[in-house]
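# Examination of the molecular architecture
Here is how the chains run, residue by residue.
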Amino acid sequence: MRACVPLIVAMLCGLAWAAEEDPKEPKAFLELEEETWEAPASNLYSEPSSCRGRCYKPVDKHRPCHCDARCQEFGNCCEDFEMLCGHEGFSHSSDAITKDELRSISEKIYKADINKAQKADIVLNSQNCISPSETRDQVDHCPQRLFTYVNEKLFSKPTYAAFINLLNNYQRATGHREHFSAQQLAEQDVFLREIMKTAVMKELYGFLHYHNRYSSEQEFVNDLKNMWFGLYSRRNGERDSSGFEHVFSGEVKKGKVTGFHNWIRFYLQEKEGLLDYYSYIYDGPWDSYPDVLAMQFNWDGYYKEVGSSFIGSSPEFEFALYSLCFIARPGKVCPLSLAGYPLAIQTYTWNKSTYGNGEKYIATAYVVSSTQ
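Since we're looking at a predicted model, the values are computed, not measured.

Once that is clear, we can look at the overall build of the chain. When its secondary structure is counted, the chain shows 10 helices and 12 strands. Classification of the 372 residues of the chain by burial places 56% in the buried group. Pairs at least 24 apart in sequence give 63% of the contacts found in the chain among residues at least 6 apart. Here the chain has roughly 15,600 Å² of accessible surface; of this, 48% comes from carbon and sulfur atoms.

By secondary structure assignment, the location of Glu245 is in helix α8 (residues 243-249). Glu245 has contacts with Tyr170, Gln171, Arg172, Glu178, Asp240, Gly250 and Glu251, leaving out every residue within four places of it along the chain.

The residue after Tyr289, namely Pro290, is reached through a cis peptide bond having omega 5 degrees. Mapped onto the secondary structure, Pro290 falls in the loop between β7 (275-283) and β8 (291-299). Positioned with a positive phi, Gln127 is a non-glycine residue whose angle comes to about 60 degrees. Its place among the elements puts Gln127 in the loop between β3 (122-124) and β4 (147-150).

Tallying each qualifying case throughout the model produces six salt bridges. Ionic pairing is found between Asp300 and Arg172, a salt bridge with its closest N-O pair at 3.7 Å. Of this pair, Asp300 sits in the loop between β8 and β9 (302-311) while Arg172 sits in the loop between α4 (158-167) and α5 (182-195), placing them 128 residues apart in sequence. Among the salt bridges present, the one from Lys197 reaches Glu194, with a minimum N-O distance of 3.3 Å.

What follows concerns the packing of helix α3 (residues 99-112) against helix α10 (residues 315-328). Across the interface, α3 lies against α10 with an axial gap of 10 Å and an inter-helix angle of 165 degrees. Here α10 runs roughly antiparallel to α3, going by the angle between their axes. Pair α3 / α10 crosses with right-handed handedness. Taken together, the residues of α10 that come into contact with α3 (itself represented by Leu102, Ile105, Ser106, Ile109 and Tyr110) are Phe317, Ala320, Leu321, Leu324 and Ala328. Of the residues contributing to the contact of α3 with α10, the split by class is nine nonpolar, one polar and no charged.

Counting residues in hydrophobic clusters, the biggest one holds 81 residues, and the most contacted among them are Phe191, Phe220, Trp228, Phe244, Trp263, Phe310 and Phe319. Within the second largest apolar cluster, seven residues are counted, among which are Cys67, Cys71, Cys77 and Phe81.

Moving on, we get to the packing of α3 against helix α6 (residues 199-210). Interhelical geometry of α3 versus α6 gives an angle of 160 degrees and a closest axis separation of 8 Å. Taken together, the axes of α3 and α6 lie roughly antiparallel to each other. Crossing of α3 against α6: the hand is right-handed. Across the interface between the two elements, Glu101, Ile105, Lys108, Ile109 and Ala112 from α3 touch Ala199, Val200, Glu203, Leu204 and Phe207 from α6. Broken down by class, the residue content of the contact of α3 with α6 amounts to seven nonpolar, no polar and three charged.

Rules used in this analysis
Residues numbered from 1 in each chain as written. Predicted model: local features only at pLDDT ≥ 70, side-chain atom pairs only at ≥ 80, totals over all residues. Heavy atoms only, no water. Helix = DSSP H or I, 4+ residues; strand = E, 2+ residues; numbered from the N terminus. Buried < 20%, exposed > 50% of the residue type's maximum accessible area, 1.4 Å probe, protein only. Contact = heavy atoms within 4.5 Å. Areas by Shrake-Rupley, 256 points an atom, 1.4 Å probe, with all protein chains shown as cover. Salt bridge = Lys/Arg side-chain N within 4 Å of Asp/Glu carboxyl O. Axes fitted to C-alpha atoms, helices over the stretch in contact; angles between N-to-C directions. Parallel < 35°, antiparallel > 145°, perpendicular 65-115°, else oblique. Left-handed = near helix turned anticlockwise from the far one by under 90°. Nonpolar A, V, L, I, M, F, W, Y, C, P; charged D, E, K, R; others polar. Core = buried A, V, L, I, M, F, W, Y, C linked by side-chain atoms within 4.5 Å.

Below is the structure:
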């Protein structure tokens with residue numbers, strides 16, 4: 001599969017990429033939909049203090065910034081943390097996660113995804129490619145559906161079934177408080193339990209455990225539940241959103257679609273006649289699944305200007321890569337590699353709310369780049 005237009009170097013949610021910075025890094029294609037909620041780290045605290053004499057000491061909730069081993073993950077380090085406390089925020093070099101290690105573990109996760117769709121499982125009809133300058137026109141260039149065929153036997157696999165059960169547990173309009181029944185809360189636990197049985201998530205946990213991010217699998221699972229399913233407010237002060245809802249199920253805010261980066265959700269909504277596929281601006285280089293597609297669509301009356309999604313990946317694969325990037329590069333572009341092709345994922349943290357001991361929720365995660 002291929003890009004229909006040359007990839008462009010763009011201002012991406014406040015982050016400028018220039019090709020000359022690192023010719024080995026993938027260039028970004030334009031991702032227009034995400035909001036720039038997070039202030040620069042230097043502006044998060046009105047009276048930032050110093051890490052002098054505090055390197056790798058436990059979090060002190062009375063301090064405005066921190067110097068513990070995980071402060072970089074959660075964006076609450078003091079301004080002089082890197083200068084005084086060393087590389088990547090970890091006291092031992094073995095704890096730091098390098099770009100090469102991110103690319104290596106993403107390749108291992110890719111190979112471990114035995115639940116992904118095979119070529120015969122999905123028939124796509126991508127139809128008309130448009131230029132990035134046309135994405136705001138809201139013109140339907142594709143009279144037919146994106147998905148001509150999907151082998152729904154995929155959805156009987158435990159992780160798929162558990163994932164699909166979660167998709168309709170949310171109100172898509174922001175500003176309305178989310179309420180969950182006991183069954184819906186149990187469905188979150190079932191999903192986490194099922195994905196943790198997979199080789200994909202075992203690879204991820206082993207990698208993060210080696211890098212001293214988690215001391216036990218249960219600690220890891222608890223953190224995943226909080227960062228993905230913990231509620232926070234996007235609008236009107238209501239606990240109306242979560243990382244899972246935004247990234248996988250999709251939301252509507254101020255008359256436009258935000259999030260919605262999942263192919264299974266797309267297929268199911270299109271099948272029900274609730275989603276109208278308009279066009280695409282980018283088709284990834286992979287000739288098997290998972291692939292990446294950046295597209296435009298109308299979701300039951302609301303437009304998505306540019307939405308990038310993996311196509312044909314298992315739920316655990318997406319969950320693993322997005323979690324990896326949120327943990328290793330929170331609020332930053334995270335360089336990965338799949339089948340030898342570089343790509344990157346952007347995550348954002350949500351500063352308005354925290355869970356536990358200062359950890360931030362995941363606000364969004366999506367593919368931002370690849371190669372031709």
